[in-house]
Amino acid sequence: MPVKWVLYWQASQGSTVSTQILNEAAQCAESISGVKEGRWKATLNYYKPMLRDQSSNHPDILPRDFLGISLPDQPTKYYFVIRSQRIVVEADASIQMIMEKLQSYKSKLSLYFDGFQYQLGDFRLRVGRAVPVHSESIRGIVMEVEYLPVSSMEKARKVMEEFVEIWHEALSKRSFSGKFVNVEVNFGEFGLGDNYTPQHTGVQYAIVMAHMIATVQPVVRG
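Residues numbered from 1 in each chain as written. Predicted model: local features only at pLDDT ≥ 70, side-chain atom pairs only at ≥ 80, totals over all residues. Heavy atoms only, no water.

Caption draft 1: Highlighting the side chain of His-200. For His-200, the position within the fold is in helix H4 (residues 198–221). Owing to a relative accessible area of 0%, His-200 belongs among the buried residues under this scheme. For His-200, the side chain forms a polar contact with the main-chain oxygen of Gly-193, separated by 2.9 Å. (Helix = DSSP H or I, 4+ residues; strand = E, 2+ residues; numbered from the N terminus. Buried < 20%, exposed > 50% of the residue type's maximum accessible area, 1.4 Å probe, protein only. Polar contact = N/O pair within 3.5 Å; in protein donor to acceptor, adjacent residues only side chain to side chain.)

Caption draft 2: Examining the side chain of Asp-114 more closely. Following the sequence through the fold, Asp-114 ends up in strand S6 (residues 105–120). Note on Asp-114: relative accessible area 15%, which makes it buried. With near-sequence residues (within four places) excluded, Asp-114 lies in contact with Leu-22, Arg-39, Trp-40, Gly-128 and Arg-129. (Contact = heavy atoms within 4.5 Å.)

Caption draft 3: Structural view of the confidence of the model for the chain. Looking at the chain, pLDDT values average 85 and 90% of them are 70 or higher. In this model residues 215–222 is a low-confidence stretch, pLDDT under 50, and it forms nine contacts with partners more than four residues away in sequence or in other chains. (pLDDT = per-residue confidence, 0-100.)

Caption draft 4: Focus on helix H1 (residues 19–31). Helix length check: H1 (13 residues) gives 18 Å between terminal C-alpha atoms against 18 Å at 1.5 Å per residue, within 8%. Within the sequence span of H1, burial applies to Ile-21, Leu-22, Glu-24, Ala-25, Ala-26, Cys-28 and Ala-29. In this fold, the buried residues of H1 make contact with strand S1 (3–11), S6, strand S7 (123–132), strand S8 (140–147), helix H3 (153–171) and strand S9 (178–182). Of the residues one or two after H1, Ser-33 is the one with positive phi, at around 70°. (Expected span 1.5 Å × (residues − 1).)

Caption draft 5: Representation of the packing of aromatic side chains. Under the criterion given, the structure shown has ten aromatic pairs. Look at Trp-9 and Phe-180: their rings are 5.0 Å apart centre to centre, the planes differ by 70°, and that puts the pair in the edge-to-face class. In this pair, Trp-9 sits in strand S1 while Phe-180 sits in strand S9, placing the two residues 171 residues apart along the sequence. Each member of the pair Trp-9 and Phe-180 is classed as buried. Between Tyr-47 and Phe-80, the aromatic rings sit 6.3 Å apart at their centres with planes inclined by 55°, giving tilted as the arrangement. Taken together, the residues Tyr-47 in strand S2 (residues 35–49) and Phe-80 in strand S4 (residues 77–82) connect sequence positions 33 residues apart. Overall, the relative accessible area of 12% leaves Phe-80 in the buried class. Among the aromatic residues, those joined into a ring-pair cluster are Tyr-47, Phe-66, Tyr-78, Phe-80 and Tyr-105. (Phe/Tyr/Trp six-rings, centres within 6.5 Å; stacked < 30°, edge-to-face > 60°.)

Caption draft 6: Geometry of the environment of Tyr-8. With respect to the helices and strands, Tyr-8 occurs in strand S1. Sequence separation between Tyr-8 and Ala-130 is 122 residues; the distance between their C-alpha atoms is 10.0 Å.

Encoded structure:
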């Protein structure tokens, strides 16, 4: 599977995330010879346990929370990431229906990612907004950079870094108040090796979305 980096938009202090940033990023992709391949969509759910008897709360047994992620390039699979225990699990997509019936965990927050996909030579670029389900309020912007010829993260690192540098240079010519940030992840902590898998993508989204969930949380409580 091709190596992929998941970056998120970090707005400058005092500025906000808007659709304009997404539009500008799309135009930027086309300005460096990106060919639009269509739309892409992914979903993320933030689960918490449904404890019917509060006295039976065993934090050492039940994860306090975890993320469930549906990826567009793996439509028959669903990925769970428990960050606190450094666990990532692949399951059949039908697991979501099973969880609803069991009612052991409930989705407290659902986000979907919606945007465009571009081909740039050996790279595939996806740029999209993160929006809570049943809302049009943008909570963040994510970007996937995929290097198609290589599945080894170490071998792809240098060329990926060069591509991101070119991307940032192209963005610098526009009036942006912020930047795309690539979070370094220790995949070994999750039991993942150098050969890239969908689980690597799931872990990256879990790390990236931790920033966005923090901004969505107050809305959910209301």
